[in-house]
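Analysis of the macromolecular model
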Amino acid sequence: MDDPLLRIRGLTMTARTARGPARILSDIHLDIGRGRILGVVGESGSGKSSLASCLLRLLPPNLERLEGSVDLAGTDLLSLPEPAMAALRGTRIAMVFQDPMSALNPVFTIGTQMVDVARRRAPGLTRAQALAKAEAMLARVAIPDPRARLAAYPHQLSGGMRQRVVIAMALLAEPELLLADEPTTALDATVEAQIVALLDDLRRDIAGSIVLISHHLGLVAQLCDDLCVMYAGTVVETGPTAAVLAAPAHPYTRALLACEIEAGDEGRLASIPGEVPDPVAPAQGCVFAPRCARAEPRCHAEPPLLRDIAPGRRAACHFPGAVP
Amino acid sequence: MGAGGARYLAGRLLTSLLIVFGAMLLLFALSALVPGDPAATLLGPQATPEFAARFVREMGLDRPLHERLWLFLSNVLTGNLGVDVLSGRPVAGLVLSVLPSTVILTFSAIGLAVLAGVPLGIFAATHRGSVADNVLAILSVAFIAVPSFVVAILLLLVFSLWLDWLPVLGGGDASDPIDQAKRLILPALALALGWIGFIARLVRSSMLEVMAEPYIRTARAYGLPERIVTYKYALKNACIPTLAILGLGIGRLLGGAVLVEIVFARPGLGRLIYDAISVRNFPVVQGSVLVVVVLFVVVNLLVDLSYAAIDPRLRDQGRGGAAR
Ligand SMILES: Nc1ncnc2c1ncn2[C@@H]1O[C@H](COP(=O)(O)OP(=O)(O)OP(=O)(O)O)[C@@H](O)[C@H]1O
Ligand SMILES: [Mg+2]
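Here's what I pulled together on the structure shown here.

What to know about the packing of helix H7 (residues 148-162) of chain B against helix H10 (residues 226-263) of chain B
When two helices pack together, you describe them by how their axes are tilted relative to each other and by the distance separating the axes. Residue and element names in this part refer to chain B. At their nearest, the axes of H7 and H10 sit 9 Å apart, and the two run at 25° to each other. The orientation of H7 with respect to H10, classified from their angle, is roughly parallel. For H7 against H10, the interelement crossing comes out right-handed. In this structure, H7 uses Ser 148, Phe 149, Ala 152, Ile 153 and Leu 156 to contact H10, whose residues at the interface are Gly 256, Leu 259, Val 260 and Val 263. When grouped by side-chain class, the residues that make up the contact of H7 with H10 number 7 nonpolar, 2 polar and no charged.

Considerations on the coordination of the magnesium ion (ligand 2)
Residues and elements named next belong to chain A. Around the magnesium ion (ligand 2), the protein supplies Ser 49 (OG) and Gln 98 (OE1) as donor atoms, at distances of 1.9 to 2.3 Å. Of the two residues, Ser 49 is situated in helix H1 (residues 48-56) and Gln 98 in the loop between strand S6 (93-96) and helix H3 (110-121); the sequence distance between them amounts to 49 residues. For Ser 49, a relative accessible area of 27% corresponds to the partly exposed category. On the basis of relative accessibility, which here comes to 34%, the residue Gln 98 falls in the partly exposed class.

Here we look at the environment of B:Leu86
Residue and element names in this part refer to chain B. Looking at the secondary structure, you find Leu 86 in the loop between helix H4 (65-77) and helix H5 (91-126). Expressed as a C-alpha distance, the spacing of Leu 86 and Leu 246, which sit 160 residues apart in the sequence, is 38 Å. With near-sequence residues (within four places) excluded, Leu 86 lies in contact with Val 279 and Asn 281.

Details of the interface of chain A and chain B
On the side of chain B, 25 residues touch chain A, which itself brings 32 residues to the contact. In total, about 2,500 Å² of surface goes out of reach between chain A and chain B, with carbon and sulfur atoms giving 60% of it. For A:Asp116, the salt bridge identified is with B:Lys232, shortest N-O distance 2.8 Å. Here chain A and chain B share 12 residue pairs in polar contact (both at pLDDT 80 or more) between them. For the side of chain A that touches chain B, the leading source of residues is H3(A), giving 5 residues. For the side of chain A that touches chain B, the residue count by class is 20 nonpolar, 8 polar and 4 charged.

The rules behind each value
- Residues numbered from 1 in each chain as written.
- Chains lettered and ligands numbered in written order.
- Predicted model: local features only at pLDDT ≥ 70, side-chain atom pairs only at ≥ 80, totals over all residues.
- Heavy atoms only, no water.
- Axes fitted to C-alpha atoms, helices over the stretch in contact; angles between N-to-C directions.
- Helix = DSSP H or I, 4+ residues; strand = E, 2+ residues; numbered from the N terminus.
- Parallel < 35°, antiparallel > 145°, perpendicular 65-115°, else oblique.
- Left-handed = near helix turned anticlockwise from the far one by under 90°.
- Contact = heavy atoms within 4.5 Å.
- Nonpolar A, V, L, I, M, F, W, Y, C, P; charged D, E, K, R; others polar.
- Donors = N, O, S within 2.8 Å, 3.2 Å for Na, K, Ca; no water.
- Buried < 20%, exposed > 50% of the residue type's maximum accessible area, 1.4 Å probe, protein only.
- Buried area = accessible area lost by both parts, 1.4 Å probe.
- Salt bridge = Lys/Arg side-chain N within 4 Å of Asp/Glu carboxyl O.
- Polar contact = N/O pair within 3.5 Å; in protein donor to acceptor, adjacent residues only side chain to side chain.

Treat this as a map of the structure, not an account of what it does.
Pasting the structure below:
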């Protein structure tokens, strides 16, 4: 990728816990191309949400250390003063949070919350104009009777409806970089398909880049240009989606794919034998070695670096699979 | 407010009526079940036998219990709270003449406590761990720990006797509102001080809890100004637990008012009850306590209603599931 929108280098985040420092993200290197959709997959606890929050610089209160750089079109987000960072939120970067049940404020109407977001994005808007925009956006995410929904409180909507409201809110911000953390988990298959189509449309419309975090490899395969596989807080494989899925180089990616195929069409990531490593006591060598069928002594001793294995493809493995 | 709101209101009204009815039964039982000769208990040993006999007849003390209960209830419902044993004046008139003074005192105290306590609590929460937060914590606990009559005596000594800034005792000239207002300052402050501390602590902890909620993170993720995040999105949620506890605290505040009124020699329900108890003027005790109970119930009803005005989930209580 020649001129990526976002360039992440050596991103490492640790947090204080009762048991000692926990390594939540370690040495992440990742590029997000302009106008491209990047799928981030990985088991629960692999650090996908933490990575997204880091890109917005919404950090946990127990943060211990944050290192590396996150470069958005020439601006390093990690060294930006807080007011300048706040100015980027909701304008150039927006996020759809994982849990739509708790992401909306329970004591304000959907309309009020959307109007605040719309007017933050375009300060000149009157309330009426902002409401009209919000209504249009709700209609766009296929919410029936959007005008009435604007007057509703979050608890009056179903989970799927709330999920769509949260997406509509992110769309109001018209961001260059949209972070969508499991945006379809609360939805049934039909609605999920609508949202997927919507995200696809959106890419064409605003020429922004999207980071789509998902458990659902099928969804990622359908929608994403690039794929990033995370494990234990680090990136183990990246590359164009089709190429990675056709010939996965990292044993973890292969294991993920095998789970998906076993589980069939409906499949989300089923479990892989063994346990996700404890972030408080990280492994000596390769993070995946304890669960890897092909691990050799070198894998337990020396962590593999994320390196180029073919044009556009990178993997963190001492013995990557053959790539055409 | 929809059907859910109406049902909520009806439920609260019914509960309030039941509490008042229960209080009436209790008060009746108190006077009816006093052991020994009621006339002797009420009138004291000095009463002549003729006077005692007339008293028994006039008060209906010679009738069967159920008739007396009926008489008491129907009297109260028609606004007849009985007759002052000593002066022969109707109790209702006595109570009404001092009621405004107590209501003004308690409401100015609550107003003062909210006006000072809420901003202090917000400040402490947004400056958590700072020197100011710690100083406020110590002051709040000190304010809460000192009983209001001690504060009353101290204020009286300092501001009235030593500094001579404010008039000393009494409720003030009825035709001179400025004089009345001046005489309100110290008693209201005495009553409010502990509540300022209490509300500040309460608001601080609710704010901290709310600020950690995902919907606050959402607001921040959209770059909404910290002012809006704190005073709009967080404060309204933090008000809910604060209000609930405030409602329950009204009873204690009325109790505190009794002592403060005595210290400042202010006319009021507190003084009336105190004087009546010391001369065993039973009907006056009964009547004024009943009025205090009604006052408590009415204030709680108002708190419940404002509670519902803030929290839409309460208004929808008991209504079917969320819309699809
Ligand atoms: N503030 C924190 N303090 C300590 N540990 C944390 C903190 N935030 C995240 N973690 C840990 O870091 C790991 C990654 O969490 P994260 O939520 O990013 O995973 P995820 O990939 O989004 O998982 P899921 O698919 O379940 O959403 C988990 O083990 C989590 O327990
Ligand atoms: Mg997550």
